[in-house]
Every structure is written in structure tokens, then in C-alpha cells.
Amino acid sequence: QVQLVESGGGLVQAGTSLRLSCAASGRTFTTYRVGWFRQAPGKEREFLALISKSGGNTWYTDSVKGRFTISRDNTKNTGYLQMNSLKPEDTAVYFCAATLRITPVVSQSDYAYWGQGTQVTVSS
């Protein structure tokens, strides 16, 4: 129903910032709530943040709260993840995902649509 493509990843130095984008196509973007996940080598995919359809409500996991900000621009059919004060432990492949569920969701199984991921590497 919707296709998602992440971009904006790369190699950055610890303490700097990076903004990831999630471009959506295929269906009306405002139909979906959008989440961001990441997966580091040897670890399970981790929930990071969720944003409501209008962008009025957000939720963050404790490990990124205060450093990462999720947002969306529905006029551009794009979601964003602003990452500040990056740490080496933030190194992972970052994914955006979309869900039609109407209750707060933090599990992979709650999201039916996924992007391909973008690599973020934070050097010390």
C-alpha cells in the first residue's frame, strides 16, 4: 500500500548531528503512523520513535530520548529522524516503517511496511 525509502545515513563523528529522511509513495501518507527502528550487528531490531498521522504526538525509547527527534512533513510525504549528540553506540542500520494501527505501537510486528534501511556509522 505504501513504499518507503530512507536516506541521509553516512559516516559522522561522535557529538555531531545527522538527519534521516523517509520518503513515502503509493498511498496517502497521512493514513499511516510512522516509526523509526535501528539494527546493529548481532542485535535485534530496536524501536526508536513513533509519530502520529498529523505529527501531533510522538514517543521515544529511553536510549534516544532527548537526542533524537521524529517529525514529518505531510505536504512532502516524508518523515524525518533528527539525530543529535551522536554516539558510537548509535551505529546501526536505520529503518523507517509505517503502520495503520490506531494504538501506540513499539514492536516490529506492528508495522506492515518498511524501507530498505540506511547505514549510520558514528566514529569516536
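The structure displayed is predicted, hence computed values, not measured ones.

Student: I tried to follow the state of the cysteines on my own but got confused; where do I start?
Tutor: Each disulfide consists of one covalent bond between the sulfur atoms belonging to two cysteines. Applying the stated criterion across every chain, the model contains one disulfide. Here Cys22 pairs with Cys96 through a disulfide, and the sulfurs are 2.1 Å apart. For the disulfide bridge between Cys22 and Cys96, the dihedral angle about the S-S bond is near 70°, and by the sign convention the bridge is right-handed. Separated by 74 residues along the polypeptide, Cys22 in strand β3 (residues 18-25) and Cys96 in strand β9 (residues 92-99) bring together distant segments of the chain. We note that Cys22, like Cys96, is buried.

Student: Explain the nonpolar core here, please?
Tutor: Nonpolar side chains tend to gather and get buried jointly when the protein is soluble and globular. Leu4, Leu20, Trp36, Leu81, Met83 and Tyr94 are the most contacted members of the largest nonpolar core, which has 29 residues in total. For this core, the secondary-structure elements that each account for two or more residues are β3, β4 (33-39), β5 (46-51), β7 (68-73), β8 (78-83), β9 and β11 (118-123). Judged by nonpolar contacts, the second largest core, of six residues, contains Phe37, Phe47, Leu50 and Val105.

Student: I tried to follow the packing of aromatic side chains on my own but got confused; where do I start?
Tutor: Given two aromatic rings, one states the distance between the centres and the angle between the planes to describe the pair. This structure, assessed with the given rule, holds seven aromatic pairs. Note on Tyr32 and Tyr113: the rings are 5.5 Å apart at their centroids and 80° apart in plane angle, and the pair reads as edge-to-face. Separated by 81 residues along the polypeptide, Tyr32 in the loop between β3 and β4 and Tyr113 in strand β10 (residues 113-114) bring together distant segments of the chain. For Tyr32, a relative accessible area of 1% corresponds to the buried category.

Student: Got a minute to help me understand the side chain of Arg33 in this structure?
Tutor: Tracing the chain through its elements places Arg33 in strand β4. For the buried residue Arg33, which engages in no salt bridge, the nearest side chain bearing the opposite charge is Asp110, 11 Å off. There is a polar contact of 2.8 Å between the side chain of Arg33 and the backbone oxygen of Arg101. Setting aside its immediate chain neighbours within four residues, Arg33 contacts Leu50, Ile51, Ser52, Lys53, Arg72, Ala97, Ala98, Thr99, Leu100, Arg101 and Ile102.

Student: For this particular structure, what's the right way to read unusual backbone geometry?
Tutor: Backbone geometry follows two general trends: most residues other than glycine have a negative phi, and most peptide bonds adopt the trans configuration. Backbone geometry at Asn77 places phi at a positive 50°, although glycine is not the residue there. Assignment of secondary structure puts Asn77 in the loop between β7 and β8. For Asn77, a relative accessible area of 30% translates into the label partly exposed.

Student: Help me understand the pairing of β5 in this model?
Tutor: Across a regular strand the side chains alternate sides, sitting on one face of the sheet and then on the other. Of all six residues in β5, five are buried; the element is thus mostly enclosed. Summarising the sheet, β4 and β5 pair through five bridges and their orientation is antiparallel. Bridging from a neighbouring strand, Val34 pairs with Ile51 of β5. Where β4 hands over to β5, the hairpin turn is made up of six residues, of which Gly42 adopts a positive phi near 80°.

Rules behind the numbers
Residues numbered from 1 in each chain as written. Predicted model: local features only at pLDDT ≥ 70, side-chain atom pairs only at ≥ 80, totals over all residues. Heavy atoms only, no water. Disulfide = S-S within 2.5 Å. Helix = DSSP H or I, 4+ residues; strand = E, 2+ residues; numbered from the N terminus. Buried < 20%, exposed > 50% of the residue type's maximum accessible area, 1.4 Å probe, protein only. Core = buried A, V, L, I, M, F, W, Y, C linked by side-chain atoms within 4.5 Å. Phe/Tyr/Trp six-rings, centres within 6.5 Å; stacked < 30°, edge-to-face > 60°. Lys, Arg positive; Asp, Glu negative; His and termini not counted. Salt bridge = Lys/Arg side-chain N within 4 Å of Asp/Glu carboxyl O. Polar contact = N/O pair within 3.5 Å; in protein donor to acceptor, adjacent residues only side chain to side chain. Contact = heavy atoms within 4.5 Å. Pairing = 2+ DSSP bridges.

From the geometry alone we can't say anything about function, so treat these as descriptive.
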